[in-house]
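Summary of the model geometry
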Amino acid sequence: MVLQPSERHYGDWNHGRLGPWCSPTGSPAPLSCETGCGEGSWILVCRLLFPTQVSLLSMEEDIDTRKINNSFLRDHSYATEADIISTVEFNHTGELLATGDKGGRVVIFQREQESKNQVHRRGEYNVYSTFQSHEPEFDYLKSLEIEEKINKIRWLPQQNAAYFLLSTNDKTVKLWKVSERDKRPEGYNLKDEEGRLRDPATITTLRVPVLRPMDLMVEATPRRVFANAHTYHINSISVNSDYETYMSADDLRINLWNFEITNQSFNIVDIKPANMEELTEVITAAEFHPHHCNTFVYSSSKGTIRLCDMRASALCDRHTKFFEEPEDPSNRSFFSEIISSISDVKFSHSGRYIMTRDYLTVKVWDLNMENRPIETYQVHDYLRSKLCSLYENDCIFDKFECVWNGSDSVIMTGSYNNFFRMFDRNTKRDVTLEASRENSKPRAILKPRKVCVGGKRRKDEISVDSLDFSKKILHTAWHPSENIIAVAATNNLYIFQDKVN
Amino acid sequence: MEVQKEAQRIMTLSVWKMYHSRMQRGGLRLHRSLQLSLVMRSARDLYLSAKVEAQEPEVTLPPARSPDPCLHPPREAEAAAEAAPSDGEQPSPEPMDTQEAPRAGETPARCAQRPAKVSRKRRSCSLSDGGDAALVPSKKARLEEEEEERASSDVLDRLQPPPAQAEGAFPNLARVLQRRFSGLLNCSPAAPPTAPPACEAKPACRPADNMLNVLVRAVVAF
């Protein structure tokens, strides 16, 4: 499968074309390729359009898919709502990339192996497996339809030849096993090659079935289904570092599961008030500490984070640490309360920091300091004066995610107009990039974008009013060790890598 | 005045959003509904405080000139939209704080425009303005009753014999909205605001064109 033209014009990588981008002070800064932090230039590795290309690829048609792909790229997209990507996640080695969509499907991509003669093709991801993880269900008791949209996917670390992942919709978590089969037994005595039973009377000799190689087949099987434990909508799942348990969090409760046991779960957090009239906040995200299997955090709609230690008590309603930043009175506005709601919380790989995303900012917190974050990054502060319009078009409720890079030096999050932002924590520089079809020439270098906040608009800048709020990047993922990122823009998946890679 | 209109508009918008959220797949989302109710409460507070401020300079004006704040909810140009948030950025004082006793003197003028339904609830604040009686909570965080996750049968009870009970996350939502905002959204003086939440009086019949009525009836039909 090739998504790009076979002729590669590597000569086009003209360093002269790499324009400098502006440092926060506004003056051009020289490009630094030695940073290695991902702040160098980014190039598009591949772009996949759900579902059409994905279906083609999963059928493993090797033929001139290039031509077909190109024609689809030109035509209007066949996107339906079911194709909107709702979660993206690399596995622990970065070899696999899983995506879930609103239609309940999971698509897994695998990184192409490095080969000597095509060294530059390393970094491309091809479809490895596609399966329907969740189906729409109907809750008869409540007369409610349960959406099949995949809210989160989390990989388990690999312990044998098969891959395991958890995928969840609003109510049910499933453990999937993805395994390869490249041999099949042949020569059964009682069945013929098509599997039909043979007439025993015709069998005159016995033979031993042998394993013969076959075309690689990747199959996904649901190994566990963890259902009926959540009254409210599941927003997060997180695998514990003991690899034996995981947690699932909904709006008011967090449950702890053992992978082997599907008919029971422990409730470890319950913030449902006795009288629902007194409800003031809900849980918005939760995650286990990457190394300490007794520690987890959960964020709330009030902009607070609670860290809990499961050793303290069975029910972790009382937090061990409580992270909250006092509100800045000058920023107080009509919609202050809802834009302070945290939409994502992520531990750093080191386990020392947590990062939270609310509507306008990303904050980094030190676990040892509860009263304020150590770093705050403005993602799109120019929207602060547009909150009323964003409330009208429902964009103010968008839940953006945020990710760390492998070394915890760069953080990334999405924005509107298919923009996504990266912040380098060390150099304090940031960059805005765009994942768009117009810039999708393969191996094209991404040009940094800039939003003009008022006054004279420069040539390459975009004014706030011309931003497309229907094009939002909510889900991104960063390879655990390399500078490869996956960006989901509605029904398109973009994979970029650092040019120096 | 602009602020008031804007607050009204946002409240109406929030009601619409709440209604629509019942229709979407997957049912009512608790978090979304909580956020909508927060905005509604802020809009209500803003409306009240703006109204109080608007009343202040009108002490010397003849009553006839004081504009009825309860105009038909204007769906006007978004120009107002941008003005309001900046207005709203001043911390809006708690309505309780701004209702001072002396103010009660000018409210009779307003009440004349509308039958001031006598509140059966004694309240510390003297906001006896008929149209707003339903807006001021009698006890703290009454608005939170919107966030109950049970059937919305109360709505049905109030309006007509209830059909089959449909699941909804906010059972009292429509009832609360009716009580709270009927005075606001209904421009007709003939419709009295309902009693404050403390008492369980049934809302009186109201004119058919009330937007909230339309919404609530649609909910019933649903």
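Chain B has the name Immediate early response 2 in an unreviewed UniProt entry, where Balaenoptera musculus is given as its organism.

The name given to chain A in an unreviewed UniProt entry is Serine/threonine-protein phosphatase 2A 55 kDa regulatory subunit B, with Balaenoptera musculus as the source organism. Of the comments in the UniProt record for chain A, the one headed Sequence similarities (unreviewed entry) reads "Belongs to the phosphatase 2A regulatory subunit B family."

Sheets are built from strands paired through backbone hydrogen bonds, the pairs being either parallel or antiparallel. Residues and elements named next belong to chain A. Spatial ordering of the open sheet is given by β1-β32-β31-β30, a layout of four strands whose pairing is antiparallel. This sheet does not close on itself; its edge strands, each paired only once, are β1 (42–49) and β30 (475–478). With strand direction ignored, the average angle separating the axes of adjacent strands in the sheet is 20 degrees. Where strand β31 (residues 484–489) lies against strand β32 (residues 492–498), six bridges are found, and the strand directions are antiparallel. In the strand pairing of β32, Ile-485 is matched with Phe-496.

What follows covers the interface of chain A and chain B. Contacts between the two partners involve 36 residues from chain A and, on the opposite side, 36 residues from chain B. In total, chain A and chain B occlude about 3400 Å² of area from one another, counting both sides; carbon and sulfur atoms represent 55% of this. Of all residues in chain A, the largest losses of buried area upon contact with chain B belong to Glu-277, Phe-334 and Tyr-391 of chain A, amounting jointly to 23% of the total for that side. There are seven salt bridges connecting chain A and chain B. Close ionic contact of Asp-170 of chain A with Arg-29 of chain B constitutes a salt bridge, the shortest N to O distance being 2.7 Å. Contributions of two or more residues to the side of chain A that touches chain B are made by β7 (144–146), α3 (336–339) and α4 (387–392) of chain A. No other element matches the four residues that α4 of chain A contributes to the side of chain A that touches chain B.

Attention now moves to empty space enclosed by the protein. As enumerated under the stated definition, the model contains six cavities of 30 Å³ or more in all. Considered as a void within the structure, the second largest cavity measures approximately 80 Å³ in volume. If you trace the second largest cavity, you find it lined by Ile-338, Ser-341, Ser-343, Asp-358, Tyr-359, Ile-396, Phe-397, Asp-398 and Lys-399 of chain A together with His-31 and Gln-35 of chain B. Grouping the amino acids of the lining of the second largest cavity by side-chain chemistry returns four nonpolar, four polar and three charged.

All names here are of chain A. Extensive coverage of β32 is indicated by the burial of seven of its seven residues. Taking every second residue as pointing to the same face, both faces of β32 are buried, with Asn-492, Tyr-494, Phe-496 and Asp-498 on one and Leu-493, Ile-495 and Gln-497 on the other. Alignment of β1 against β32, held across seven bridges, turns out to be antiparallel. Within β32, the position partnered with Ile-43 by the bridge is Gln-497. In sequence, β31 turns back onto β32 through a hairpin of two residues, with Thr-490 there showing a positive phi of about 55 degrees.

Now for the sheet that holds strand β15 (residues 266–270) of chain A. All names here are of chain A. Sheet architecture is open: four strands sit in the order β12-β13-β14-β15, paired in antiparallel fashion. Since the sheet does not close on itself, it has two edges, and those belong to β12 (236–239) and β15, each with one partner. Recorded for the sheet is a direction-independent mean angle of 20 degrees between the axes of neighbouring strands. Relative to β15, strand β14 (residues 253–258) is paired through four bridges, and the arrangement is antiparallel. By the bridge assignment, Ile-254 is partnered in β15 with Val-269.

Calculation criteria
- Each chain has its residues counted from 1, running along the sequence as written.
- Lettering of chains starts at A and numbering of ligands starts at 1, both following the order in which they are written.
- Reporting in this predicted model follows two pLDDT cut-offs: at least 70 for local features of residues, and 80 or more for side-chain atom pairs to be given and counted; totals over whole chains, interfaces and linings ignore these cut-offs and use all residues.
- The side-chain values count all of the structure's non-hydrogen atoms but skip hydrogen atoms and water molecules.
- UniProt positions are given in the numbering used here, feature names are shortened, and annotations may be inferred rather than shown by experiment.
- A pair of strands is considered paired only if DSSP assigns at least 2 bridges between the two.
- Elements are defined by DSSP. Helices are runs of H or I of four residues or more, strands are runs of E of two residues or more, and each kind is numbered from the N terminus.
- Comment: axis = line fitted to C-alpha atoms, over the contacting stretch for helices; angle = value between 0 and 180 degrees taken between N-to-C directions.
- In what follows, residue pairs with any heavy atoms lying within 4.5 Å of each other are defined as contacts.
- Buried area, as used here, totals the accessible surface that two parts lose on assembly, with accessibility defined by a 1.4 Å probe and the loss added over both.
- Take a side-chain nitrogen of Lys or Arg and a carboxyl oxygen of Asp or Glu: if they are within 4 Å of each other, that pair is a salt bridge.
- Points on a 1 Å grid, built from protein atoms alone, make a cavity when a 1.4 Å probe fits but cannot get out and make a pocket when they are open with protein on both sides within 12 Å along at least 5 of 7 lines; residues with an atom within 4 Å of a point are the lining residues.
- Grid points are joined across faces, edges and corners, and a volume is the space filled by probe spheres set on the points.
- Side-chain classes are defined by residue name, with Ala, Val, Leu, Ile, Met, Phe, Trp, Tyr, Cys and Pro counting as nonpolar, Asp, Glu, Lys and Arg as charged, and the others, Gly among them, as polar.
- Relative accessibility under 20% of the residue-type maximum defines a buried residue, over 50% an exposed one, and the middle range a partly exposed one, all with a 1.4 Å probe and only protein chains included.

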